[in-house]
Number of protein chains: 2
Amino acid sequence: MKEHKENAVISKATIDRLPLYYRYLKLSQEEGIEIISSDELGRKIGVTPEQIRKDLSAFGEFGKKGVGYYVRELTRNIGEILGLNRQWNIAIAGVGHLGWALANYANFSPQGFQLQAIFDIDPDKIGRYINEIEIFHIARIPEIIAARNIQIGIVTVPAEYAQDITTSYVEAGIKGIWNFAPIKLEVPTTVHVVSEDLSIGLSSMSYYLSRQLY
Amino acid sequence: MKEHKENAVISKATIDRLPLYYRYLKLSQEEGIEIISSDELGRKIGVTPEQIRKDLSAFGEFGKKGVGYYVRELTRNIGEILGLNRQWNIAIAGVGHLGWALANYANFSPQGFQLQAIFDIDPDKIGRYINEIEIFHIARIPEIIAARNIQIGIVTVPAEYAQDITTSYVEAGIKGIWNFAPIKLEVPTTVHVVSEDLSIGLSSMSYYLSRQLY
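What you see is a predicted model, and the numbers here were worked out from it, not measured in a lab.

1. Quick notes on the overall build of chain A
Stage number 1. For chain A, the helix and strand inventory stands at eight helices and ten strands.
Stage number 2. If you line up chain A on its principal axes, its C-alpha atoms span 60 × 50 × 35 Å.
Stage number 3. Per-residue burial for chain A yields a buried fraction of 50% across its 214 residues.
Stage number 4. Sequence-distant contacts in chain A: of pairs separated by 6 or more residues, those separated by 24 or more amount to 58%.
Stage number 5. Positive and negative side-chain charges of chain A, numbering 22 and 25 respectively, have mean locations separated by a distance of 7 Å.

2. Quick look at the nonpolar core
Stage number 1. In terms of nonpolar packing, the biggest core is built from 96 residues, with Trp178 of chain A together with Trp178 of chain B touching the most fellow members.
Stage number 2. Once you skip the residues sitting within four places of it in the chain, Trp178 of chain B turns out to touch Leu198, Gly201, Leu202 and Met205 of chain A together with Leu102, Phe108, Gly153, Ile154, Val155, Val194 and Glu196 of chain B.

3. Description of unusual backbone geometry
Residue and element names in this part refer to chain B.
Stage number 1. Although it is not a glycine, Glu132 sits at a positive phi angle of roughly 70°.
Stage number 2. One can find Glu132 in the loop between strand 6 (129–130) and strand 7 (133–137).
Stage number 3. Owing to a relative accessible area of 73%, Glu132 belongs among the exposed residues under this scheme.

4. Re the UniProt feature "DNA-binding region" (unreviewed entry) in chain A
Stage number 1. UniProt records the feature "DNA-binding region" (unreviewed entry) at residues 20–59 of chain A, using the numbering of this structure.
Stage number 2. End C-alpha atoms of residues 20–59 of chain A are separated by 16 Å, and the span's content is 70% helix alongside 5% strand.

5. Some details on the sheet that holds strand 1 (residues 35–36) of chain A
Within a sheet, each strand pairs with its neighbour through backbone hydrogen bonds, oriented either parallel or antiparallel.
Residues and elements named next belong to chain A.
Stage number 1. One open sheet accounts for three strands, arranged 1-3-2; its pairing is antiparallel. Each end of this open sheet is capped by a strand with a single partner; those strands are strand 1 and strand 2 (63–64).
Stage number 2. Its contacts with the sheet put helix 4 (residues 71–81) on strand 1 and strand 3 (68–70), and the angle it makes with strand 3 is roughly 70°.

6. Here we look at the domain arrangement of chain A
Accessible area lost during the coming together of the parts is what is often quoted as the interface size.
Stage number 1. The domains assigned to chain A are domain 1 (12–81) and domain 2 (88–199).
Stage number 2. Averaged C-alpha coordinates put domain 1 of chain A and domain 2 of chain A at centres separated by 31 Å.

7. Let's talk about the interface of chain A and chain B
Stage number 1. Of the residues lining the interface, 66 residues belong to chain A; the matching set on chain B comes to 66 residues.
Stage number 2. Carbon and sulfur atoms make up 66% of the area that chain A and chain B hide from each other, which totals about 6000 Å².
Stage number 3. The interface formed by chain A and chain B holds zero salt bridges in total.
Stage number 4. The interface formed by chain A and chain B holds twelve residue pairs in polar contact (both at pLDDT 80 or more) in total.
Stage number 5. Among the elements of the structure, helix 1 (12–30), helix 5 (97–103), strand 9 (176–179), strand 10 (192–195) and helix 8 (199–213) of chain A are those that each provide at least two residues to the side of chain A that touches chain B.
Stage number 6. Here the side of chain A that touches chain B takes 15 residues from helix 8 of chain A, the largest share from any one element.
Stage number 7. Its residues assigned to classes, the side of chain A that touches chain B comprises 36 nonpolar, 20 polar and ten charged.

8. With respect to the packing of helix 2 (residues 38–45) of chain A against helix 3 (residues 49–57) of chain A
All names here are of chain A.
Stage number 1. Here helix 2 crosses helix 3 at 110°, and the two axes come no closer than 8 Å. For the element pair helix 2 / helix 3, the angle class is roughly perpendicular. In this structure, helix 2 contributes Ser38, Asp39, Leu41 and Gly42 to the contact, and helix 3 contributes Pro49, Ile52 and Arg53.
Stage number 2. Taken together, the residues that form the contact of helix 2 with helix 3 break down as three nonpolar, two polar and two charged.

9. Some thoughts on helix 2 (residues 38–45) of chain B
All names here are of chain B.
Stage number 1. Taken residue by residue, helix 2 has Ser38, Leu41, Gly42 and Ile45 as its buried positions. Projected down its long axis, helix 2 shows its buried positions confined to an angular sector of 100°, all on one face.
Stage number 2. Residues of helix 2 that are buried in the fold lie against helix 1 (12–30), strand 1 (35–36), helix 3 (49–57) and strand 3 (68–70).
Stage number 3. Gly46, located one to two residues past helix 2, shows a positive phi value of around 75°.

10. Quick look at the relation of the copies chain A and chain B
Stage number 1. Rotating chain A by 180° and moving it 0.1 Å along the rotation axis overlays it on chain B with an RMSD of 0.0 Å. Here the symmetry operator amounts to a two-fold rotation axis. Within chain A, the C-alpha atom positioned nearest to the axis of rotation is that of Ala101 of chain A, 3.2 Å from it.
Stage number 2. A symmetric contact is evident, with 100% of the interface residues of chain A recurring at the interface of chain B.

Rules of the game
- Residues numbered from 1 in each chain as written.
- Chains lettered and ligands numbered in written order.
- Predicted model: local features only at pLDDT ≥ 70, side-chain atom pairs only at ≥ 80, totals over all residues.
- Heavy atoms only, no water.
- Helix = DSSP H or I, 4+ residues; strand = E, 2+ residues; numbered from the N terminus.
- Buried < 20%, exposed > 50% of the residue type's maximum accessible area, 1.4 Å probe, protein only.
- Contact = heavy atoms within 4.5 Å.
- Lys, Arg positive; Asp, Glu negative; His and termini not counted.
- Charge placed at Lys NZ, Arg CZ, Asp CG, Glu CD.
- Core = buried A, V, L, I, M, F, W, Y, C linked by side-chain atoms within 4.5 Å.
- UniProt positions renumbered as here; feature names shortened; annotations may be inferred.
- Pairing = 2+ DSSP bridges.
- Axes fitted to C-alpha atoms, helices over the stretch in contact; angles between N-to-C directions.
- Domains from an automatic or database assignment.
- Buried area = accessible area lost by both parts, 1.4 Å probe.
- Salt bridge = Lys/Arg side-chain N within 4 Å of Asp/Glu carboxyl O.
- Polar contact = N/O pair within 3.5 Å; in protein donor to acceptor, adjacent residues only side chain to side chain.
- Nonpolar A, V, L, I, M, F, W, Y, C, P; charged D, E, K, R; others polar.
- Parallel < 35°, antiparallel > 145°, perpendicular 65-115°, else oblique.
- Arc of directions from axis to C-beta.
- Least-squares fit on C-alpha atoms with pLDDT ≥ 70 in both.

Here's what the structure looks like:
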């Protein structure tokens, strides 16, 4: 295993592709595949082999020319680059349908994301548990976030409450916000926001189907 | 409004960024903003202004040098490019937590995506309604997909059933699959698959936080 270049400037686009590589490499590893070429990987995930080689070269040398990438080694290395070799504690604010779905989403914990608390304002929900994780009143965000060393806060409240919840999270010491509300959140520069919009996947589908159906 | 270039070869990466532009332009339009520069748009969504200009130039000339883009015009144009100026009929297969959340997700229909049917195998769920949309047994996929002219099928069943459901969808005439199962689906080349993995957003967050916390 080679050290990755510590001071390289990595573009956001590259960082956003790494989890994609990681996901497919992990699937390949589980299928027992030992070596994969940038051509094969690229075909699977819809990225050109040139782009893959360029992205990975920013972190060091992971492949062998004319052979391919060693799947296990590359998976472990990308996992380390992404910081997936440690545990992240996460919280969810807003137990609507999406919050409920995320609280039950099984795919997070194998990647090191551990749900530690859930917040809501509905008295009927507070004190209940989802998968053994308690639902607390949002007024307890400062106390619980600190006590449980939670670094990442998920925002699944309605758009009109999203900024207030984000501010509470940030004041409580949260360093990363995963936002599902369709608004732009204001945070200090020390806090990282990732916004999800589920309609983006559908929109790009719409593009391809428009061209196919007419 | 200028015609966009019909025969330009557009990269997948560009197509994937268009919904991002569309989303923020729509927000800007709702906020009453009339003109936006590629610098401002880029800052908001984390894409370089050069990239934005390059992406949009592939479709035609939407901006005015030294002024910026006319928000309303550009929003409408990108909407047309993405095929969002028409109605798409969609179905969901698998009423677990995520399927339930998607069936309740309010953000689809304003963009032209209309949920027309839901499928499951659980006798307790079949015949029930989510937001006035009926849950049918998956055996009725061929009949319902055809009768309701459904073009896009969402897969929220467990991974081990995802391929079977996809095959049913494709045989019923579905042209686009929106896949939430963590597996690679086999489809004919005439069918377009968009795969979502909610842990990708968390993984890129993990990268940034790793660098901040140590």
